[in-house]
Every structure is written in C-alpha cells, then in structure tokens.
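Working through the structure, step by step
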Amino acid sequence: MSQARITQPDQIQQVAVLGAGTMGHGIAQVAAMAGYEVVMRDLEEDFLAKAVERIRGNLEKGVARGKVSEEARDAAMSRIRTSTSIAEACTGAQLVIEAAPESLDLKKEIFAEVVAACPDGAILASNTSSLSIAKIASTIPDPARVLGMHFFNPVPVMPLVEVIRGQHSSEETIATTVALAKKMGKTPIVVNNCPGFLVNRILFPYFGAFSRLIHDGADFVQIDRAMEKFGWPMGPAYLLDVVGIDTAVHAQAVMAQGFDRMQLDFESAIDKLFANKAYGQKTGSGFYLYQTDKRGKPKKLPNPEITTVIASVQSESKAFTDEEIVERMMLAMCLETVRCLEDGIVETAIEADMGLVLGLGFPAFRGGALRYLDSIGATAFCQLAEKYAALGPMYEVTEGLREKAASGQTYYP
C-alpha cells in the first residue's frame, strides 16, 4: 500500500503500538483516550489480554476518582484492538509507536517488518529512552519519517514526551508528532539526537554522583533524605528501585559508551544489586524491600541485606553533611544540563528545565537545573564546582559557563 507522507495531525486516525508492556499499554491507553483507533501488538495473546485488563483497571480507577467518565472509559476501550502480528497491527496505521525492550538489534528487526507492512507515508516512532534514532532508522528506506517519541513511566500520569529529531527526520514529521503528543494531553519538547537524549542524559550524571558518594563512604538512606529535603519527590536510591536497577544498568552502559565522563572507574552498589538480580520494585528488593499494601501498591521497607552490598563497594564509611550531598548531586546534574544546552540538544533554558520538572520530578519550586544555577549565581556555582574538581570530569565547568560567570550573565533574563 502506498500513500503520501503524513504531514498533518488530522491525517492520523489509527495508531499501532508495538509492545504491550508497561510502556506499551500506557501509550495505547492515552492514544485511545485521545480518540485514536489503536492496535496493540505483542508476541502472546495472554500477554495482550493482561495488558488490556491493566488499561481497563486504570480507567476504572479514573472513573472511581471522578477523572474519567464512564462514557469516555467505554469509548476508549472500544477503540483498542490487539494482534500478535506486526503486519496486521501496522496495516492501515498512520502512526507506529515501537515500545519494545531497549535492544538496538531488536528494534531494527521490528522496524524492518514495520516498513514492509505499513503505509509508505506513516510516521514511525520509537519509544526508546536512550538508543540512537539514527541507528534505529539506518535500514529504513525513508528515514525522514522516523523519529523518537519517548514517553515517561507511568505514561498516563507523566506529562512529558521527548520528541527526538533523528539525523534525517523531516520538519513535517517533527511538527506532526508534536501536535499529536499535545492531542494526547502531553507536553512535548523537541530534542536532538544524542545518547539519553535530554532527560536521561542529565539523569545519569546524577546517578553517577550518587554511586560515587556511596563508594566514598556515604549512607544511601541519608542521601535519599537529603535530596527529598531539597525538594525531590524521592531520593536517588528509591528512584533507582522504581525505575528498575536492570533498566538503569543497561542505560548506564549506553551513556558511558556515548560520554567518557559518565564511565565509572569502580564497581558500584547498583552493579552489585544487578548482579544479585535485585532490580528494585519489580523483584521486591533493591536498595529497599517492597511489600504490596492493601491498595495494591508497593510499600517501601528497610532491606537488611543491603548492608552487605554497600560494605562490598566501600573501603570505609564516612560522614557527609547534607549540604555536601546536595552539592555533589546537584553539581553533576546542573553541569550536564549546561552541556545539553551548549550542545544544542535543546534550544532554550526553559525547555531544558521543563524537561527536568515534567520528566524527572525536579523540584518545581526551584524551577529546574538552570533556574537553580541562576539562583546560586554563575560565579559562585563555578567556584563550588572547583571545590569538587578532583571527583572527575563530570564536575568540570564548561567554557561557556565560565564566560557567563565572567560577564555576569544568567540563563534567564
């Protein structure tokens, strides 16, 4: 089947979602709620049936809370079909969103089947959180219609979508996807292609700072408390458990391959947990233990076994002040945000900060990393970074930031 390339959001009526896992069924839900016909594809009928029931359960909760009408629930459910065939799912779709596990070979294999099945003009999007859009699109005859559409977990709740411009993505493809994301009730930001894109690229130096603090003798429970006191909804250890230790390790490998400064020169507590298959909430143990409460939600509890894990990556324990913890954590994050802006991954400071507030839960009252940097002052921030320069290249100040400090400039007027 052949047709002209999709260049307007109103040309999209049917969406194929390839993958019915946590991300896939969440994407299918928001697409159906936005009025699109959705075909959700996965390998097994049983897995698809469970995904549909999860969607139904989510919408039922919305009805119970008064956020979703019964009519909207029923209409959304009527728009969702399932299939175990990529060809069947993609036939007639004007937008395909791939939500498979983070494997470049797997994604390229899926897109090879997609290209053979879907209309020539359909937009092809990957929900990858870190893999190169250019590499995913490398075997597609018309890479201008390929881009990244990175949702955040849980998809129905998190407002941000990163729309990732691949090397050959057309402006029409980008603009149409931005409009589509808005119709889904999301806040899209357009970012250029690099390992981790914007949000994960900035997140992993933060995780790296966390790992180095533990390596240097800090108590991870104190780190969590200090960062929550700073304003984060959860500390980094708890966040890693929620994200998934396995997911973090795989993404860390991608980030380290892309940026030398993100390579750790020691075995981290995260590595140890991964080796022990303690992946956080999904396995019931990580930095913390998790038990299901009466509402069916995982309740965080102390993990007595973590002491042995921590001891294996520390030569000794060491007392840190909360101020030192916040400085080391936030310096790494803010400096990577500066680099993203200077590298043109996003065009403006407000887009970078919006990505952090909406995608990571950066304390909204602080306005984002660059707004926070402005509140400290570029000169004072550079001096603070010099204090921790011995920690490695993640703490190196860029020339652009030094120039701002010298001229008294800020990121916001």
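In the block above lies the structure referred to throughout.
The paragraphs below set out a description of the structure included in this document. Computed from a predicted structure; not experimentally measured.

**Quick word on the pairing of strand E5 (residues 123-126)**
Burial along E5 is two-sided: Ile 123 and Ala 125 and Leu 124 and Ser 126, pointing in opposite directions, are all buried. Two strands pair when backbone bridges link them, and strand E4 (residues 95-98) and E5 are joined in this way by four bridges, in the parallel orientation. The residue of E5 that forms the bridge with Glu 98 is Ser 126. Crossover E4 to E5 through helix H5 (residues 104-117) is right-handed.

**Quick notes on helix H7 (residues 171-183)**
Its 13 residues place the ends of H7 18 Å apart at the C-alpha level, agreeing with the 18 Å of an ideal helix rising 1.5 Å per residue. All of the buried residues in H7 are Thr 173, Ile 174, Thr 176, Thr 177, Val 178, Leu 180 and Ala 181. Along its buried surface, H7 packs onto E4, E5, strand E6 (146-151), strand E7 (160-165) and strand E8 (187-192). In the segment just after H7, Gly 185 is the residue with positive phi, at about 85°.

**A word on a positive patch on the surface**
On the surface, Lys 61, Arg 65, Lys 67 and Lys 297 cluster together into a positively charged patch. Its location among the elements puts Lys 61 in helix H2 (residues 45-64). On the basis of relative accessible area, Lys 61 is assigned to the partly exposed category, the value being 46%.

**Some remarks on the pattern of salt bridges**
Throughout the structure, instances matching the rule amount to 18 salt bridges. Across the pair Arg 201 and Asp 343 runs a salt bridge, and its minimum N-O distance is 2.8 Å. Of this pair, Arg 201 sits in helix H8 (residues 199-215) while Asp 343 is found in the loop between helix H14 (322-342) and helix H15 (349-360), placing the two residues 142 residues apart along the sequence. The exposure class of Arg 201 is buried, given its relative accessible area of 1%. Residue Asp 216 is joined to Arg 328 by a salt bridge in which the shortest nitrogen-to-oxygen separation is 2.7 Å. A residue pair is termed long-range when its members are at least 10 positions apart, and Asp 216 in the loop between H8 and helix H9 (220-230) and Arg 328 in helix H14 qualify at 112 residues. Residue Arg 328 is classed as buried on the basis of its relative accessible area of 6%. Residues participating in the shared-partner salt-bridge network are Arg 201, Arg 261, Glu 336, Arg 339 and Asp 343.

**Points about the sheet that holds E6**
Read across the sheet, eight strands follow the order E3-E2-E1-E4-E5-E6-E7-E8 without closing on themselves; strand pairing throughout is mixed. Either end of the sheet is taken by a strand with one partner, and the two such strands are strand E3 (80-83) and E8. Going across the sheet, the axis of each strand differs from the next one's by a mean of 25°, ignoring polarity.

**Details of the packing of aromatic side chains**
Enumeration over the complete set of coordinates arrives at 11 aromatic pairs. Seen from their ring centres, Tyr 238 and Tyr 288 are 6.2 Å apart, and the 75° between their planes marks the pair as edge-to-face. Of this pair, Tyr 238 sits in helix H10 (residues 236-243) while Tyr 288 sits in strand E9 (residues 288-292); the two residues are 50 residues apart in sequence, bridging distant segments of the chain. Just as Tyr 238 is buried, Tyr 288 falls in that class too. Grouped by ring-pair contacts, the aromatic residues Phe 210, Phe 220, Tyr 238, Phe 287, Tyr 288 and Tyr 290 constitute a single cluster.

Reading guide: rules and limits
The written sequence of each chain sets the order in which its residues are numbered from 1. This being a predicted model, a pLDDT of at least 70 is required before a residue's local features are given, and a value of 80 or more before pairs of side-chain atoms are given or counted; all residues contribute to the totals for chains, interfaces and linings. In computing side-chain properties, one takes all heavy atoms of the structure into account and sets aside hydrogens as well as water. For every residue, the accessible area obtained with a 1.4 Å probe (protein chains only) is divided by the maximum for its type, and the residue is called buried under 20%, exposed over 50%, and partly exposed between those limits. Note on conventions: DSSP H or I runs of at least 4 residues are helices, E runs of at least 2 residues are strands, and numbering of each starts at the N terminus. What makes two strands pair is DSSP finding at least two bridges between them. Convention used here: a crossover is right-handed provided that the path from the first strand, over the helix, to the second strand proceeds clockwise when the strands point away from the viewer. Expected helix span is computed as 1.5 Å times (number of residues minus one). The contact criterion used throughout is that any non-hydrogen atoms of two residues lie within 4.5 Å. Surface patches are drawn from residues lacking salt bridges whose relative accessible area is over 30%; two like charges belong together within 9 Å, two nonpolar side chains (Val, Leu, Ile, Met, Phe, Trp, Tyr) within 5 Å. For accessible areas, the Shrake-Rupley method is used with a probe of radius 1.4 Å. Any residue's cover is judged against the shown protein chains and nothing else. We count a salt bridge whenever a side-chain nitrogen from Lys or Arg sits within 4 Å of a carboxyl oxygen from Asp or Glu. Only four residue types enter the charge count, namely Lys and Arg as positive and Asp and Glu as negative; His and the chain termini do not. Charged side chains are reduced to one point each, which is NZ for Lys, CZ for Arg, CG for Asp and CD for Glu. Fitted lines through C-alpha atoms give the axes, limited to the stretch in contact for helices. The angle between two N-to-C directions lies from 0 to 180 degrees. Paired rings are identified among Phe, Tyr and Trp, the last through its six-membered ring, by centres lying within 6.5 Å, and are further divided according to the angle between planes into stacked (under 30 degrees), edge-to-face (over 60) and tilted (the rest).

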